Amino acid sequence: MSEWKVSACILCECNCGIEVQLGGENDSEILRIRGDKAHPASQGYLCQKASGLNFYQNGTDRVTQPLRREPDGSFVEIDWDTAIEEISTRLSAVRDQFGGDKIFYYGGGGQGNHLPGGYSTALRRSLGIRYRSNALAQEKTGEFWVNGQMFGSHVKGDFEHCDVALFIGKNPWHSHGIPRARAWLKEFAKDSTRTMIVIDPVVSETAKLADIHLRVKPGTDAWLLAAMVAILVQEQLYRAPWLQEHSTGLDRIVEVFSAVPVADYCAIAGLSEQQVRGAVAVLAGTNRLAVAEDLGIQMNRHSTLASYLEKLIWTLCGQFGHPGAQNVPIFLQNIAGSGRVSARSPVAGAPIISGLVPCNVIADEILTDHPDRYRGMIVEAANPVHSLADTQRFIEAMENLDTVVVIDVAMSETARHADYVLPVATQYEKWEATFFNFEYPDNYFHLRKPLFKAPATVLTEAEIHARLTEALGTMPLGLCEELVAALASGGRDGYRDRFLQALAEDSQVSDLAPVILYRTLGPGLPEGADVAAVLWPLALGLAMREPAALERAGFPGTAFEQADALFDAILSSHSGTIFARDDEAGSWSRLGNEGRINLVIEDLLAELQQLVEPPEQNSGDFPFVLMAGERRDYSANTIYRDSSWRRKDAAGSLRMSPDDAEKMGLCSGDQVLITTRAGSARSMLEVNDRMLPGHVSLPNGFGLDNMDGARIGVAPNELTSLDDRDAFAGTPWHKFVPARIEAVV
Ligand SMILES: Nc1nc2c(c(=O)[nH]1)N[C@H]1C(S)=C(S)[C@@H](COP(=O)(O)OP(=O)(O)OC[C@H]3O[C@@H](n4cnc5c(=O)[nH]c(N)nc54)[C@H](O)[C@@H]3O)O[C@H]1N2
Ligand SMILES: Nc1nc2c(c(=O)[nH]1)N[C@H]1C(S)=C(S)[C@@H](COP(=O)(O)OP(=O)(O)OC[C@H]3O[C@@H](n4cnc5c(=O)[nH]c(N)nc54)[C@H](O)[C@@H]3O)O[C@H]1N2
Ligand code: SF4
Ligand SMILES: [Mo]
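Conventions adopted
- Residues numbered from 1 in each chain as written.
- Chains lettered and ligands numbered in written order.
- Predicted model: local features only at pLDDT ≥ 70, side-chain atom pairs only at ≥ 80, totals over all residues.
- Heavy atoms only, no water.
- Domains from an automatic or database assignment.
- Contact = heavy atoms within 4.5 Å.
- Buried area = accessible area lost by both parts, 1.4 Å probe.
- Salt bridge = Lys/Arg side-chain N within 4 Å of Asp/Glu carboxyl O.
- Pairing = 2+ DSSP bridges.
- Helix = DSSP H or I, 4+ residues; strand = E, 2+ residues; numbered from the N terminus.
- Axes fitted to C-alpha atoms, helices over the stretch in contact; angles between N-to-C directions.
- Buried < 20%, exposed > 50% of the residue type's maximum accessible area, 1.4 Å probe, protein only.
- Polar contact = N/O pair within 3.5 Å; in protein donor to acceptor, adjacent residues only side chain to side chain.
- Core = buried A, V, L, I, M, F, W, Y, C linked by side-chain atoms within 4.5 Å.
- Near = heavy atom within 4 Å.
- Areas by Shrake-Rupley, 256 points an atom, 1.4 Å probe, with all protein chains shown as cover.
- Nonpolar A, V, L, I, M, F, W, Y, C, P; charged D, E, K, R; others polar.
- Expected span 1.5 Å × (residues − 1).
- Bend = angle between axes of the 7 residues up to and from the residue.
- Parallel < 35°, antiparallel > 145°, perpendicular 65-115°, else oblique.
- Left-handed = near helix turned anticlockwise from the far one by under 90°.
- Phe/Tyr/Trp six-rings, centres within 6.5 Å; stacked < 30°, edge-to-face > 60°.
- Lys NZ or Arg CZ within 6 Å of the ring centre and 35° of its normal.

Chemist: Help me understand the domain arrangement of the chain in this model?
Modeler: Interfaces are frequently sized by the accessible area removed from exposure as the parts join. Considered domain by domain, the chain is made up of domain 1 (5–58), domain 2 (145–331), domain 3 (475–582) and domain 4 (624–743). In this structure, domain 1 and domain 3 have C-alpha centres spaced 29 Å apart. With five residues of domain 1 in contact, the opposing surface of domain 3 contributes five residues. A combined buried area of about 340 Å² lies between domain 1 and domain 3, and 60% of that area is made up of carbon and sulfur atoms. Taken together, domain 1 and domain 3 are joined by zero salt bridges.

See the structure below:
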């Protein structure tokens, strides 16, 4: 058995540090995995999903040769030169005839690989691509939009130091999203001085550990959260002096929420008024309240309004800008963007939040004769055919494009509809990193070193973007030569001088910076870490923005010295590096809106005033609410394509309450037919006493179509519709899919 090597798990945003032992033929397998105690956030913690990482590294459906789809639908292998040549010719033809803004870019990274997105900017700018999106625009853009308006920035709860934790539509036991979630939850639940409140219709594993579980009726969080804000206002539990000092618009909030009928709204949410008032008293009575919302409200009716109400609750409680509350993390790279609406999408006119077109309008922006429709698409490190609402419509959209390029490690459901599939090194065959770093007060970054040598016939995304940029003729070759010479003669200082001068002289340099850096700074980086070149300007940017936090993290000196020291530390510390240590004034200094919290979002207050009671779900054609895509023990988006990684519930059963099962004469193990407005699917049933009557749930990430023809479980988005989406952010209602369940006889 070989020595232990460090890397990270790539299955969720935590990216816990791992240590692995390799073995098998030519050491090509991951045989043993344990937590890496040296990782700054996970500190040795892992959940059970990580043990299957060899199912990713040596996964089914891997592609190792560039593929081109022939007119008869079959794929043929082509060499890289041909692939790059043909793709650049075809995409530039689309650009020349219709404009680069008719080429759409989707993806850029999954749970653990965000360097590709960094490099793609160069290709996007080379082609004049304007519109793009990724999974964030089917879950988080509503929250980003609210954050942008209230705080001018992304915010995150500090669960490590809080006394009261509130989870709304979030089940960290399975989904994580906070470091060491299960260990943290168990410690927190045991501590009698700390209180956990969970809002969830399901008795989730997290809800089971809670001190207070508000078992809200599915899809009615907007009413519940509005009632909670109203209780704070009507019982005058809000922190008036703090709000007067730090916020604007308190009078308006008091006016609107004084009129909210608390008792009626609690009843709509299926909860006793007394229980809700009790929970609000706990929230108002602490000075260390951390709050997290997730898909339970973000993929549900009135999702953007619910995000706003969630933030009003803790803001009225004064829970911003101190330990144990909500804070603005220090970013190396801000993937949440500004939260602003920068433009509208060209066909549907949907708001583009944080630069992302709402996922639910993409297919409609293609399947139209509108002159501004998209004509080409690049998909990178994402599987939208499986992950976006209405699978069939997305496939139809892809088939109606002139040219589709998919960059993936596997022949995903999406790759199968591409004109070209470009195979890349897996996340364990190249240097990789995530930008999901939102911790406070210490924040960290982890650049992972490859564990395996990639097959000779695959490339990294950085190399693909560089080659395509070169083929398109946009790479500034003269400047690249000068930069190489400057590095050789003047070292990093000489290189930086020349680079900054070029940036100041020519705006194209900033557009193409990732591939310029990759070609010039990259080759000299230690241990072959060429794809890390794109991190160097990020270190420089951080040193300019946050010198004090960098100094507290152990990087003193001038901005240039700080940046170089941090960059070197990132390159050499293979278990991760703390890059920022915040202080209490920090969050306030990064707050937008001239240092004040903006309490009023009139558009959402208008929606609040028009809330219409949701229809009763126990009648009509679709008497159930289907949660299409729950996180469970053995779900991990579509990263593992081999379903044999699952040690339990391999079929991904539909969960139903005992009451409903009894009424329908169903038992665990029975086959049922699930029908929604969009389609039907067969599933195995699991009778589960954690479910409320009228509520059923299917797991996320099942129903993949393997190349050998196997399919296990239901592909949830064969059951979802594009029209079921939030009025503001366009995010889908995957947790609220009206459905009918029938026995299969
Ligand atoms: N095991 C596993 N972990 C994952 C992933 C995975 O695929 N598998 N994916 C990762 C990703 S990409 C993400 S975004 C996160 C998502 O993480 P979560 O959002 O925590 O996961 P979900 O299970 O989709 O939904 C969370 C909770 O919402 C509840 N819910 C359903 N309907 C309602 C409702 O009407 N109101 C309220 N208040 N709650 C409701 C569900 O019962 C569930 O407990 O997980 C990440 N972690
Ligand atoms: N109905 C329903 N739909 C959902 C959800 C739900 O709850 N319900 N959850 C949604 C959520 S929150 C999310 S985040 C999305 C996730 O959906 P997507 O963003 O589409 O991401 P993944 O399913 O993780 O797919 C990642 C792809 O990247 C490929 N890949 C892996 N490693 C690499 C690499 O190194 N390079 C490249 N180029 N490719 C690689 C994988 O093979 C896979 O095809 O799904 C969403 N879809
Ligand atoms: S919490 Fe589990 S799935 Fe997420 S990164 Fe850690 S080990 Fe992987
Ligand atoms: Mo997600």
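Chemist: Help me understand the sheet that holds strand S9 (residues 164–168), please; the structure alone is not making it clear to me.
Modeler: Backbone hydrogen bonds are what pair the strands of a sheet, in a parallel or an antiparallel way. Strand order in the open sheet formed by four strands is S11-S10-S9-S13, with parallel pairing between adjacent strands. Here the strands that pair on one side only, and so sit at the sheet edges, are strand S11 (212–214) and strand S13 (289–293). Sheet twist, expressed as the average angle between the axes of neighbouring strands with direction ignored, equals 10°. Pairing between strand S10 (residues 195–199) and S11: three bridges, direction parallel. Residue pairing for S11: Ile199 is matched across the bridge by Leu214. Most of the contacts of helix H6 (residues 181–190) go to S9, to which it runs at about 125°, and overall it touches S9 and S10. Its contacts with the sheet place helix H12 (residues 273–284) against S9, S10, S11 and S13, and it is angled at close to 130° to S11.

Chemist: Where do I start with the sheet that holds strand S17 (residues 376–380) in this structure?
Modeler: In space, the seven strands of this open sheet follow the order S5-S4-S19-S18-S17-S6-S7, with mixed pairing throughout. The two strands at the open ends of the sheet, each matched to only one other strand, are strand S5 (75–77) and strand S7 (132–133). Packed on one face of the sheet, helix H2 (residues 80–98) meets strand S4 (67–69), strand S6 (103–107), S17, strand S18 (403–408) and strand S19 (420–423) and runs near 130° to S19.

Chemist: What is the right way to look at the side chain of Thr720 in this model?
Modeler: On the secondary structure map, Thr720 appears in the loop between strand S27 (695–699) and strand S28 (737–743). Given a relative accessible area of 2%, Thr720 falls into the buried group. From its side chain, Thr720 meets the backbone nitrogen of Asp390 in a polar contact 3.2 Å long. Among the polar contacts made by the side chain of Thr720, one reaches the side chain of Asn717 at a distance of 2.8 Å.

Chemist: Explain the environment of Gly109 to me, please; I cannot follow it from the model alone.
Modeler: For Gly109, the position within the fold is in the loop between S6 and helix H3 (115–127). Spatially, the C-alpha atom of Gly109 lies 30 Å from that of Glu561, the residues being 452 residues apart in sequence. Apart from the residues within four sequence positions on either side, Gly109 is in contact with His114, Glu380 and Ala381.

Chemist: Which parts of the structure should I look at to understand the nonpolar core?
Modeler: Core analysis: the largest hydrophobic core is formed by 107 residues, its most contacted members being Met228, Ile253, Phe257 and Tyr308. If one sorts the elements of this core by residue count, helix H8 (residues 221–234) sits on top with 12 residues. In terms of domain composition, this core takes at least three residues from each of domain 2 (145–331) and domain 4 (624–743). If near-sequence neighbours (up to four positions away) are discounted, Tyr308 is found in contact with Val146, Met150, Ile253, Leu599, Val600, Ile601, Leu604 and Leu605. Core analysis: the next-biggest nonpolar cluster, separate from the first, contains 52 residues, Tyr119, Ile516, Leu521 and Val534 among them.

Chemist: It is not clear to me how the site of ligand 2 should be interpreted in this structure. Could you clarify?
Modeler: Near ligand 2 there are 32 residues, and of these Asp408, Glu461, Ala628, Arg631 and Thr638 occur at the shortest range. Glu461 has a polar side-chain atom sitting 2.6 Å from a nitrogen atom of ligand 2. Within the contact set of ligand 2, a nitrogen atom lies 2.6 Å away from a backbone nitrogen or oxygen of Ala628. Within the complex, 96% of the 920 Å² of free accessible area of ligand 2 lies under protein. Broken down by secondary-structure element, the contributors of at least two residues to the shell around ligand 2 are S18 and strand S23 (624–630).

Chemist: Before we go on, may I ask you to explain unusual backbone geometry in this structure?
Modeler: Cis geometry marks the peptide bond from Tyr440 to Pro441, where omega comes out at 0°. Relative to the helices and strands, Pro441 resides in the loop between S19 and strand S20 (442–445). With a phi angle near 55°, Asp390 is a residue other than glycine that sits in the positive phi range. Its location among the elements puts Asp390 in the loop between helix H16 (384–387) and helix H17 (391–399).

Chemist: What is the right way to read the pattern of salt bridges from this model?
Modeler: For side chains bearing opposite charge, pairing can occur when the charged atoms are close. Counted according to the given criterion, the structure contains 49 salt bridges. Notably, a salt bridge pairs Arg125 with Asp511, separated by 3.7 Å at the nearest N-O pair. Taken as a pair, Arg125 in helix H3 and Asp511 in helix H20 (residues 507–520) lie far apart in primary sequence, 386 residues in all. What makes Asp511 partly exposed here is its relative accessible area of 26%.

Chemist: Would you explain the site of ligand 3 in this entry?
Modeler: Every residue close to ligand 3 is listed here: Cys9, Leu11, Cys12, Asn15, Cys16, Leu46, Cys47, Lys49, Ala50 and His176. Split by residue class, the shell around ligand 3 holds seven nonpolar, two polar and one charged.

Chemist: Whenever I open this one, the pairing of S28 confuses me. Can you help?
Modeler: Along any regular strand the residues' side chains alternate between the sheet's two faces. The pairing of S23 with S28 spans three bridges and is antiparallel. If you follow Phe624 over to S28, its bridge partner there is Ala739. By the bridge criterion, five bridges tie strand S25 (residues 671–676) to S28 in an arrangement that is antiparallel. Paired with Ile674 across the bridge in S28 is Ile741.

Chemist: When you look at the side chain of Asn688 in this model, what are you seeing that I'm missing?
Modeler: Note on placement: Asn688 falls in the loop between strand S26 (680–687) and S27. Residue class for Asn688 comes out buried when judged on its relative accessible area of 8%. A polar atom in the side chain of Asn688 sits 2.8 Å from the side chain of Glu686. Look past the residues within four positions of Asn688 in its chain and what remains in contact with it is Arg655, Met656, Ser657 and Pro658.

Chemist: Explanation requested: helix H19 (residues 477–505) in the structure shown.
Modeler: Since the α-helix advances by 3.6 residues per turn, residues separated by three or four positions end up pointing in the same direction. Relative to the 42 Å expected for 29 residues at 1.5 Å per residue, H19 spans just 16 Å between its end C-alpha atoms, considerably shorter than the ideal helical length. Along H19, the sharpest kink reaches roughly 140°, centred on Gly490. Along H19, the residues that are buried comprise Leu479, Cys480, Leu483, Ala486, Gly494, Tyr495, Arg496, Arg498, Phe499 and Ala502. Elements in contact with the buried residues of H19: H20, helix H21 (535–545) and helix H23 (559–572).

Chemist: In this structure, what is going on with the packing of H19 against H20? I would like to understand it.
Modeler: Between two packed helices, both the angle of their axes relative to each other and the distance between the axes serve to describe the pair. Viewed as axis vectors pointing N to C, H19 and H20 meet at an angle of 160°, and their least axial separation amounts to 8 Å. When the axes of H19 and H20 are compared, the pair comes out roughly antiparallel. The chirality of how H19 crosses H20 is left-handed. Side by side, H19 and H20 meet where Leu479, Cys480, Leu483, Val484, Leu487, Tyr495, Phe499, Ala502, Leu503 and Glu505 of the first sit next to Ser507, Val509, Ser510, Ala513, Ile516, Leu517 and Thr520 of the second. The residue inventory of the contact of H19 with H20, partitioned by class, reads 13 nonpolar, three polar and one charged.

Chemist: Whenever I open this one, the packing of aromatic side chains confuses me. Can you help?
Modeler: Pairs of aromatic rings are described using the distance from one ring centre to the other and the angle between the two planes. Within the structure shown, the criterion is met by 22 aromatic pairs. Relative to Trp184, the ring of Phe167 lies with its centre 6.0 Å away and its plane at 85°, an arrangement referred to as edge-to-face. Of this pair, Phe167 sits in strand S9 while Trp184 sits in helix H6; the two residues are 17 residues apart in sequence, bridging distant segments of the chain. Here Phe167 falls in the buried class, since its relative accessible area comes to 0%. Its relative accessible area of 8% is what places Trp184 among the buried residues. Ring centres of Phe499 and Trp536 lie 5.7 Å apart, and the angle between their planes is 70°; this geometry places the pair in the edge-to-face category. Placement of Phe499 in helix H19 and of Trp536 in helix H21 is noted, with a sequence separation of 37 residues between them. For the pair formed by Phe499 and Trp536, the shared burial category is buried. Over the aromatic face of Phe736 sits the side chain of Arg301, whose NZ or CZ is 5.0 Å from the ring centroid.

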